[in-house]
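Here are the chains, one letter per residue:
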Amino acid sequence: MGACRDIRKAILDAGAAEGWAVTRHLSSCTACVQWLADLQMAEMTIKRLPVPEIPPGFETRMACAIAQERGHASEDSAARGFRIPKFWIPVAASLAAAALFSVAGIWLVVKEKKAAPAPFEQGVALSVALNAAAPLPGADVMLHLPNGVDLAGATRSTGGRHVAWRQDLPAGNTAFDVGLVAFAKGDHRVDVVVCRKNDCATGTVVVHAGEGRIRLTSIGGTVQDDNQIGLSFALSKTAGIPTKEEGI
Amino acid sequence: MAPELTARNFAELTRPHWARMHRFAARLCRDPECAADLVQEALLRALKNCRQYDGKKSIAPWLLAIVRNVNFDQVRAGGRKREDPIVDEDLISDAQPDSLAKALTTERTGRLEEHLMSIPDEFREVLLLIAVEELTYEEAAYVTGAPVGTVRSRLFRARAMLRKRLADDRELFDRDGRMSK
Ligand SMILES: [Zn+2]
């Protein structure tokens, strides 16, 4: 075993089974060959381990943090196409008491449509109402625009981006409008995200562009009539996605 | 050649690697809760320093290096130390016959995970980078800031530590080398 120990130590130090003395020993020692094979096998065991689970809302949270860092409505100019309406019909919502705070009710109203010039361009106005159960100072609001959808005024899609800004949300309703343009036919998912520190909630709006009239629908929300959509959710303490979804 | 990394395209170019960053972070920081925070911090640091990314190389090692550095800084700031390598551990004795082959088929992945996490940081990170993340020795050397020769030696020692823990695990195997319940 003395020779075996020396050889094995040499292999560990070098991080390889190389060199004349090592290869010569291995050619005649089955125990060391087995030991070497065991090392390889040990490594293979960890390849079999389940991949650590990504927490719900991870992607959204990261996107939100990045957008936040990029400087709230600076170069992405959230101002383009946004305005805060003076009046919004209040939306009442009661949410889980366990939530640290909550935002309820995203209302989306289709306001207009434009003719589609070649090759393709369809516009739609999105109205969003946020209802906070308690004041949310310094909340980050973000839109994730996929490839094919951009803010009104853009001449072409920039290929997927985030638009974020920070604002204080008082208790009750806060509303804003945003003009969107679809540059490709098909369904495009737009995520609306509200974060405060690490707590985020998201609602998803699908923009259906193409034949006939551009439409908006929501995932998990309620369509009230042809062009109104309600989404409710609570910001979860553990960061992530809606813990609860209710139609309005 | 990869396009230049800017604040504008940062999310788009790094997003394909977020899951991988999270996987590495989860096994680096021992506390499963910390992985998402670690990745977030790493991404923000990467964004601030995006001009430092050399577009000639793959972006994954660059991002993983930042995850590692953020973890290292947090460990240090928290007053914890990366453990010293266990030098007197006997890594070269013979194992239970067949025990490792059985470890490969065991369903008790919780025990395997525990053994992996018990390997000291500087060895575990190399094992993760090469065995799980499938980086080359050179890329692992870049991530850890260690010479390639050191990376190779750490990899072999990490394998030997894991082999020893699996072979010594009496809860995983009974005396005859059969897997216990
Ligand atoms: Zn031998």
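Just so it is clear, the structure is predicted and the values come from calculations on it, not from any experiment.

Trainee: I'm lost on the coordination of the zinc ion in this one. Help?
Mentor: Geometry sets the ideal angles at a metal, namely 109.5 degrees for four tetrahedral donors and 90 or 180 degrees for six octahedral donors. Residue and element names in this part refer to chain A. Listed as protein donors to the zinc ion are Cys 4 (SG), His 25 (NE2), Cys 29 (SG) and Cys 32 (SG); their distances from the metal cover 2.0 to 2.3 Å. Around the zinc ion, the four donor atoms sit at angles spanning 102 to 113°, and that spread fits a shape best called tetrahedral. Here the donor residues of the zinc ion are spaced in sequence according to C-x20-H-x3-C-x2-C. With Cys 4 in helix 1 (residues 2-14) and His 25 in helix 2 (residues 20-26), this residue pair connects regions lying 21 residues apart in the sequence. Per residue, the accessibility class of Cys 4 equals that of His 25, and both read buried.

Trainee: What am I meant to see in the interface of chain A and chain B here?
Mentor: Interface size, as often reported, equals the accessible area lost upon joining of the parts. Contacts between the two partners involve 48 residues from chain A and, on the opposite side, 52 residues from chain B. When chain A packs against chain B, close to 4,500 Å² is buried across both sides, 61% of that on carbon and sulfur atoms. The largest share of the area that chain A buries against chain B comes from Leu12(A), Ile46(A) and Arg48(A), three residues that together contribute 14% of it. Across the contact surface, chain A and chain B share six salt bridges. Across the pair Arg163(B) and Asp38(A) runs a salt bridge, and its minimum N-O distance is 3.5 Å. Taken together, the links from chain A to chain B amount to eleven residue pairs in polar contact (both at pLDDT 80 or more). Examining the composition of the side of chain A that touches chain B, we find that 13 residues originate from one element, helix 3 (residues 30-47) of chain A, more than from any other. Here the residues of the side of chain A that touches chain B are counted per class, giving 24 nonpolar, seven polar and 17 charged.

Trainee: Help me out: how do you make sense of helix 1 of chain A in this one?
Mentor: Helical geometry: 3.6 residues make up each α-helical turn, so side chains three or four residues apart lie on a common side. Taking 1.5 Å of rise per residue, the 13 residues of helix 1 of chain A would be expected to cover 18 Å, and the 19 Å separating its terminal C-alpha atoms lies within 8% of that figure. Within helix 1 of chain A the residues assigned to the buried category are Cys4(A), Ile7(A), Arg8(A), Ile11(A) and Leu12(A). For helix 1 of chain A, the angular spread of the buried residues around the axis is 135°, confining them to a single face. Summarising the contacts, the buried residues of helix 1 of chain A are in contact with helix 2 and helix 3 of chain A together with helix 9 (148-168) of chain B. Looking one or two residues beyond helix 1 of chain A, the residue adopting positive phi is Gly15(A), at roughly 70°.

Trainee: Would you take a moment to explain the packing of aromatic side chains for this structure?
Mentor: Aromatic ring pairs are defined here through the distance separating the ring centres and the angle between the ring planes. Residue and element names in this part refer to chain B. On inspection of all chains with the given rule, the structure shows one aromatic pair over all chains. Measuring from ring centre to ring centre gives 5.3 Å for Tyr 53 and Trp 62, while their planes differ by 45°; the resulting arrangement is tilted. Owing to a relative accessible area of 10%, Tyr 53 belongs among the buried residues under this scheme. Exposure remark for Trp 62: the relative accessible area of 8% places this residue in the buried category.

About the thresholds
- Residues numbered from 1 in each chain as written.
- Chains lettered and ligands numbered in written order.
- Predicted model: local features only at pLDDT ≥ 70, side-chain atom pairs only at ≥ 80, totals over all residues.
- Heavy atoms only, no water.
- Donors = N, O, S within 2.8 Å, 3.2 Å for Na, K, Ca; no water.
- Tetrahedral: all angles 85-135°; square planar, octahedral: opposite > 155°, others 65-115°.
- Helix = DSSP H or I, 4+ residues; strand = E, 2+ residues; numbered from the N terminus.
- Buried < 20%, exposed > 50% of the residue type's maximum accessible area, 1.4 Å probe, protein only.
- Contact = heavy atoms within 4.5 Å.
- Buried area = accessible area lost by both parts, 1.4 Å probe.
- Salt bridge = Lys/Arg side-chain N within 4 Å of Asp/Glu carboxyl O.
- Polar contact = N/O pair within 3.5 Å; in protein donor to acceptor, adjacent residues only side chain to side chain.
- Nonpolar A, V, L, I, M, F, W, Y, C, P; charged D, E, K, R; others polar.
- Expected span 1.5 Å × (residues − 1).
- Arc of directions from axis to C-beta.
- Phe/Tyr/Trp six-rings, centres within 6.5 Å; stacked < 30°, edge-to-face > 60°.

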